[in-house]
Amino acid sequence: MLSIPVSPESLAIRSSSIPNVGVECQGAQALVDLGEFASSGRSSCKALVGVGLLAAAACRCGRPHAQSGPRQRGGVARRAVAVSEAPVTKTQEGRKRPKVVVLGSGWGAVSFIEGMSEEEAQMYDITLVSPRNHFLYTPLLPTCAMGSIEERSIVTPMRRIVAGKADFVEAKCESIDTIRQVITCGRAGNPSKRNAMDYDRFPDESVEGKLSFDMEYDILVYSVGAEANDFNCPGVKEHAFLFKEVEDARRVRNKISDLFEKAALPSTTPEDRDGLLTFVVVGGGPTGVEVAADLCDFIREDVGLLYPKLTKHVSVKLINTGDHLLSTYDRDISDASLAVFEKQGLEVMKGVRVAAVKPDTVEIKVKSTGETVPLPYGCVVWCTGIKQNSLTVQLKESLLKKNEGRKDLDTAAAQANTRAVVADLNLKVRGSLGSIFALGDACTVENERAKLRAEELFREGDADGSGKLDVEEMKTLFKKASDDFPQFSCYATYFDEGGSQDEPDDVKIAINRVFTKAADVRGTLTSLTQQSVTDRRNKLSFEEVEQTLKLDANNELNYEEFVELLNGIDNNMRSFPATAQVAAQQGKYLARLFATGKIDGKREGCEEAAKEIGSFTYFHKGSLAYLGNGEAAFDVPIIGAVTGPLAGLAWKAYETSAQLTWKNRILVALDWLRTGIFGRDTSRF
């Protein structure tokens, strides 16, 4: 049986809440360890509603009461604001509470707040700032596309999450001044038409009546996530639906309902119906697969009853640039997803790239032939990944200004990653001097790059002062420096075991096989244990190591060649995947770091806390995806791929129990029941 806690304070993603279960999603994906599912039985889902109702009563009894107090009114002019009205208290060390500003309301920020007790949170003056006043359980967002699950069932108000621990400000952070340690926030004022509710609440440009204010911080927790990536494809912003927020799911749902009603008009020709009812999903990752799966479920289960004359005109097409769906999963899962889609009549277009999205057609380019083909459509849903947002770019620029003139840190090189802001093994942003921490999709954790210390390393390795490193010197250097730079380990192993030039080829091949097999075993075992970013590097064979060494005829490297080698070694390091599982674990780790009471916005305090807690480690528990028709797929370390209807039941049970609150669990369970009995609601508002 799944263990489901009844404490209203429990967080679904905590490992203590559901044994051996974890959560992952970037674009609606989840993770699970199947160890408990074999004994869970069918009673898990049936018991969920009953237990949930009892828990709801307990939660209502323990609900915190609203505190009364003077209301503050904002003005049009920018001003500095003291958000918290709590009295300034002293910590155990006798210092004032550091001002902590948390940006974001996603997995990282929420896990950070939930990971601290109220007593621990009171050591800091915490304010959470986000333009989104709710937490969204993203793994189930694709199910909202056609109403399998209602939107409000998978969102939790942020003010309930931060109650007793932090203040909440609904605003958009527009810029960060890392020198003054001030953020500038804004939101729209009253619209010109007072009854308008569809206005842009967070305009980027200056508009009349816009409210703007500054907030000071001692510590900034940067967890703003990332933006949907359109890859600068023409027409995507104008004609396609991005899929990342609740609003996106609602727009897709309304659009599809609108298309069916237009196609049902007696004046619509059969050719127009074919175009209107062609639904194109772009992206073969977890989000694209699950959106397509939910759409196919709607067509199979509801369209025949609601629009019986239109069923022959409906088609769903999934465009994928690669040859395999869910390419980061086990290959068996990719094959299983293709089989399920084939049974449902969904066309998977592999090896195809979208060249442009026009008002009525998608221009697709076939990689094998180079041919561009127009594809008529009624609705295009764009699910192709993420990119860093504009605030992350601005933060990096501010860090460069903050560290101008510093000889001990090359900020430009340290923040060269084009996907996110770079943090160290304690999630401290490089160049922030301990005042900024980063989480989730906005952050990439990197070990120190060896290239930044190339001159020091070369001088240390060049024992004879010849200006070149020979084989013996490189062997000694890589072995000695592997503790500080784990990315050197493959090269140290090469020189220890496979770099002898007098070995016959067959011996080197045999060693290569042993090396590769050992690397695979280590990788598998590491995936089941705590994994740091230093463990995440591509395992190189001896041939690949030899190719990157590029030794001259004398088996030596000069300084320029050595720098080139270090750059290649650094690029071999892999960051953590941009998933909710990683963000949630980072948030909980940061909460433990703050719970020491030593984090004060200074580098020394962070170092003291890090010595006590250690570096961030990531526990990967597997991946999950819904395939439609009641089937799902799990990709679990060691066990491998698990697919089929039983996996589909396990998926529903897990996604229900993993909700943030008991209210959400009950609502999701009732939505599954409602959809199964009454079908999906196609009403449009």
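Per chain, residue numbering runs from 1 following the sequence as it is written. Under the rules for a predicted model, residues below a pLDDT of 70 receive no local features and side-chain atom pairs below 80 are neither given nor counted, while totals for whole chains, interfaces and linings still include all residues. Only hydrogens and water are set aside when side-chain values are computed; all heavy atoms of the structure are taken into account.

## Examining the overall build of the protein chain
Consideration 1: Each helix and strand in the protein chain was counted, giving 21 helices and 30 strands.
Consideration 2: Remark: exposure states derive from per-residue accessible area (1.4 Å probe, protein chains only) relative to the maximum for the residue type, with buried under 20%, exposed over 50%, and partly exposed in between. Among the 685 residues that make up the protein chain, the fraction classed as buried is 52%.
Consideration 3: Considering only intrachain contacts with a sequence separation of at least 6, the fraction spanning at least 24 residues in the protein chain is 72%.
Consideration 4: Per-residue and other accessible areas follow the Shrake-Rupley method at a 1.4 Å probe size, with only the shown protein chains counted as cover for residues. By element, 51% of the accessible surface of the protein chain is carried by carbon and sulfur atoms, the whole surface being about 31,800 Å². Strands are runs of DSSP state E lasting at least 2 residues, helices are runs of H or I lasting at least 4, and numbering of each runs from the N terminus. Residue contacts follow a heavy-atom distance rule, with two residues in contact if any of their heavy atoms lie within 4.5 Å.

## A short note on the confidence of the model for the protein chain
Consideration 1: Residue-level confidence of the predictor is summarised by pLDDT, bounded by 0 at the bottom and 100 at the top. Averaged over every residue, the pLDDT of the protein chain is 80; residues scoring 70 or more account for 74%.
Consideration 2: Of the regions scoring below 50 in pLDDT, residues 82-92 engages in 20 contacts with residues more than four places distant in sequence or in other chains.

## Re the sheet that holds strand E18 (residues 352-357)
What links the strands of a sheet is backbone hydrogen bonding, and the strands pair in either a parallel or an antiparallel sense.
Consideration 1: For two strands to pair, DSSP has to find at least two bridges joining them. Read from one edge of the open sheet, 3 strands run E18-E19-E20, paired in antiparallel fashion. Of all strands in the sheet, those with a lone pairing partner are E18 and strand E20 (372-376), marking the two edges. Taken pair by pair, the neighbouring strands of this sheet meet at an average axis angle of 35°, ignoring direction. Comment: axis = line fitted to C-alpha atoms, over the contacting stretch for helices; angle = value between 0 and 180 degrees taken between N-to-C directions.

## What about the pairing of strand E9 (residues 172-177)?
Consideration 1: One ladder, built from 5 bridges, connects E9 with strand E10 (residues 182-187); its direction is antiparallel. Pairing of aspartate 177 across the sheet is with valine 182, part of E10.
Consideration 2: Between E9 and E10, which pair antiparallel and follow one another directly, the connecting turn spans 4 residues, one of which, glutamine 181, has a positive phi of 55°.

## Considering the sheet that holds strand E30 (residues 640-644)
Consideration 1: Pairing within the open sheet is antiparallel, and its 3 strands lie in the order E28-E29-E30. What marks the edges here is a single partner per strand, and that holds for strand E28 (623-628) and E30. Pairwise comparison of adjacent strand axes, ignoring direction, gives a mean angle of 15° for this sheet.
Consideration 2: Two strands pair when backbone bridges link them, and strand E29 (residues 631-636) and E30 are joined in this way by 5 bridges, in the antiparallel orientation. Along E30, the bridge assignment pairs alanine 633 with threonine 643.
Consideration 3: Sheet strands touched by helix H20 (residues 645-657): E28, E29 and E30. Its angle to E29, the strand with the most contacts, is close to 80°.

## So, helix H6 (residues 246-263)
Consideration 1: Compared with the 26 Å implied by 1.5 Å per residue over 18 residues, the 26 Å span of H6 between its first and last C-alpha is a close match.
Consideration 2: Here H6 has its buried residues at Val246, Asp248, Ala249, Val252, Arg253, Ile256, Ser257, Asp258, Leu259, Phe260 and Ala263. Every helix has an expected span of 1.5 Å times one less than the residues it contains.

## Description of the packing of H20 against helix H21 (residues 662-678)
Consideration 1: For the pair H20 and H21, the least separation of the axes is 8 Å and the interaxial angle reads 150°. Between H20 and H21, the angle is such that the two are roughly antiparallel. Residues Trp651, Lys652, Thr656 and Ser657 of H20 form the contact with H21, whose participating residues are Arg665, Val668, Ala669 and Trp672.
Consideration 2: Its residues assigned to classes, the contact of H20 with H21 shows 4 nonpolar, 2 polar and 2 charged. Here the word oblique covers every angle except those under 35 degrees (roughly parallel), over 145 (roughly antiparallel) and from 65 to 115 (roughly perpendicular). Ten residues, namely Ala, Val, Leu, Ile, Met, Phe, Trp, Tyr, Cys and Pro, are considered nonpolar, four, namely Asp, Glu, Lys and Arg, are considered charged, and the remaining ones, Gly among them, are considered polar.

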